[in-house]
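Here's the letter readout for the chains.
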Amino acid sequence: MTARVTLATAQRVLEQLRRDRRTLALIAVVPPALLTLLRYILDAERPAFERVAVPLVGMFPLIIMFLITSIAMLRERTSGTLERLMSLPLAKLDLIAGYAVAFALVAAAQTCLTSAVAFGLLGVSVQGSSALVVALAVANALLGVALGLFLSAFATSEFQAVQFMPAVLLPQILLSGLFVPHDRMPHVLRIAADSLPLPYAFDALARVATGVEGGRLQLDAGVVLGTIVVAVALGATTLRRRTP
Amino acid sequence: MSSTAIAVSALRVVRRGRLVLRDLDFEVAAGTVTGLLGPSGCGKTTLLRALVGVQQVEQGSIRVLGVEAGSPELRRRVGYMTQTPSVYGDLTVGENLRYFARVLDRRDRITEVLSLVGLEPHEHSLVRDLSGGERSRASLAVALLGAPDLLVLDEPTVGLDPLLRRELWSTFHRLADAGSTLVVSTHVMDEADRCDRLLLMREGRVLAHGTPHELRTRTAAPTLEEAFVALTESR
């Protein structure tokens, strides 16, 4: 792995994204708009909005980077550019890290914008550090990149790739306590939530929001980072120098 | 120039349960342009992929520039152009070249390869806005970036106008004169006469291997097209 190749890849990914103005606009506008929508839907249920607002700020990048990464990797596979890259002096981790660096930057910008709207205009309050919210959102974006990269290997078409979002991410977000807090779910579902990564990411954000951080926050962050490492390792095994 | 650039022996490849290459044996001398000819589906692309080392191989050995095909040290020494242009459509020609040049650490070569494929006027055009022929030239330019010792080109001249095609073939020969080895697949028979050596393939087997002149003489056929038919029928 070399810094030159990783950075070249990150720059190339950003150049591609820069060309796609509409995607950039969607990345910037959709999370603040959805959050604003939710704020007024829950106008009469202000505590319910407060409970999910900060976690959502930090979960948007995960969902969006997951989708973008799985489609981008699928394109690399189907266009033959991946085959070309695998025949060049480029380490698999150069490619993965290149995508991760590029999308982490995008996610950081996205979260700053969403946070500004949430904290500035919608009156969402954070007891803990709002810089920590941005940091957790970037970690979530990396988790989305890592999962998207790994799962894209199992999609043979864009139709399949986009459906991995509702299939893989949505159940985990629901189990995180988006509608019903985690401890009011049936026992089996709580066990399921405890064995999946996204509820930990959600919990970390909820803890920063309410200021009850403690040791559990470290566990949450540890699970998120551990999952990133595992997903990257699994993703690297799906990048083959030789294909059938 | 008499050294061997490629040595293939007992090469067998199975793709999706189908035997695509059936025990191939051949050698390619360094500094030559070898044309790989045969009908669509005869295994040309699979053979080229195997030479580059991106194809899973059932059995047999492929030595490229003295080492096993696909060895890490070959990644700088082998240039590969896939059949469908493998460049990024949402980047310009220049951006594509700059990216791959940074991967290869050969940014000094960008201007030269642009002029070799005649794409200077399109340096700032998005690849997806180019014609099919221009796109495949962009892909060829990337393959040339590393000044490779072995160039593996899968149908590089499809959809090009005759003038440009002639220019590219003379470029191929200049590269070979400078010491590179080229393996070029084509299904255009009139391109075969521009090759030093021909490798005729059919149904995953090597039908014949020799200079264009040898093949015509052996079959007493006036054209390579007829030589190909004669060789097929004589089996």
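Thresholds applied
- Residues numbered from 1 in each chain as written.
- Chains lettered and ligands numbered in written order.
- Predicted model: local features only at pLDDT ≥ 70, side-chain atom pairs only at ≥ 80, totals over all residues.
- Pairing = 2+ DSSP bridges.
- Helix = DSSP H or I, 4+ residues; strand = E, 2+ residues; numbered from the N terminus.
- Axes fitted to C-alpha atoms, helices over the stretch in contact; angles between N-to-C directions.
- Core = buried A, V, L, I, M, F, W, Y, C linked by C-beta atoms within 7 Å.
- Buried ≥ 20, exposed ≤ 12 C-beta atoms within 10 Å, placed from the backbone.
- Contact = placed C-beta atoms within 7 Å.
- pLDDT = per-residue confidence, 0-100.
- Nonpolar A, V, L, I, M, F, W, Y, C, P; charged D, E, K, R; others polar.

Topic: the sheet that holds strand S10 (residues 205-210) of chain B
All names here are of chain B.
Thought 1: Pairing in this open sheet of six strands is mixed, and the strands run S6-S7-S8-S3-S9-S10 from one edge to the other. Across the chains shown, the open sheet's two edge strands, defined by having one partner strand only, are strand S6 (78-81) and S10. In this sheet, neighbouring strand axes are inclined to one another by 15° on average, regardless of whether the strands run parallel or antiparallel.

Concerning the nonpolar core
Thought 1: Counting residues in hydrophobic clusters, the biggest one holds 145 residues, and the most contacted among them are Phe103 of chain A together with Leu51 of chain B.
Thought 2: Sequence-distant contacts of Phe103 of chain A, that is, excluding residues within four places in its chain, are made with Met65, Ile68, Thr69, Ala141 and Val145 of chain A.

Some words on the confidence of the model for chain A
Thought 1: Counting all residues, the mean pLDDT for chain A is 92, and 100% of those residues have values of 70 or more.
Thought 2: Averaged pLDDT values for the elements of chain A fall to 91 in helix H6 (residues 130-152) of chain A and rise to 96 in helix H1 (residues 3-19) of chain A.

Quick notes on the environment of Gly210 of chain B
Residue and element names in this part refer to chain B.
Thought 1: Looking at where Gly210 falls in the secondary structure, it is placed in strand S10.
Thought 2: Note on Gly210: 14 C-beta atoms within 10 Å, which makes it partly exposed.
Thought 3: Taking the C-alpha atoms as reference points, Gly210 and Ser136, separated by 74 residues in sequence, lie 28 Å from one another.
Thought 4: Leaving out residues up to four positions away in the same chain, Gly210 has contacts with Arg197, Leu198 and Leu215.

Considerations on the environment of Met59 of chain A
All names here are of chain A.
Thought 1: Its place among the elements puts Met59 in helix H3 (residues 46-79).
Thought 2: Sequence-wise, Met59 and Leu136 are 77 residues apart; in three dimensions their C-alpha atoms are separated by 9.0 Å.
Thought 3: If sequence neighbours within four positions are ignored, Met59 has contacts with Asn140, Ile173, Ala201 and Phe202.

Structural notes on the interface of chain B and chain A
Thought 1: The partner chain A presents 22 residues to the 22 residues of chain B that form the contact.
Thought 2: Top element by residues in the side of chain B that touches chain A is helix H2 (residues 93-104) of chain B. It accounts for five residues.
Thought 3: Looking at the side of chain B that touches chain A residue by residue, the classes come out as eight nonpolar, seven polar and seven charged.

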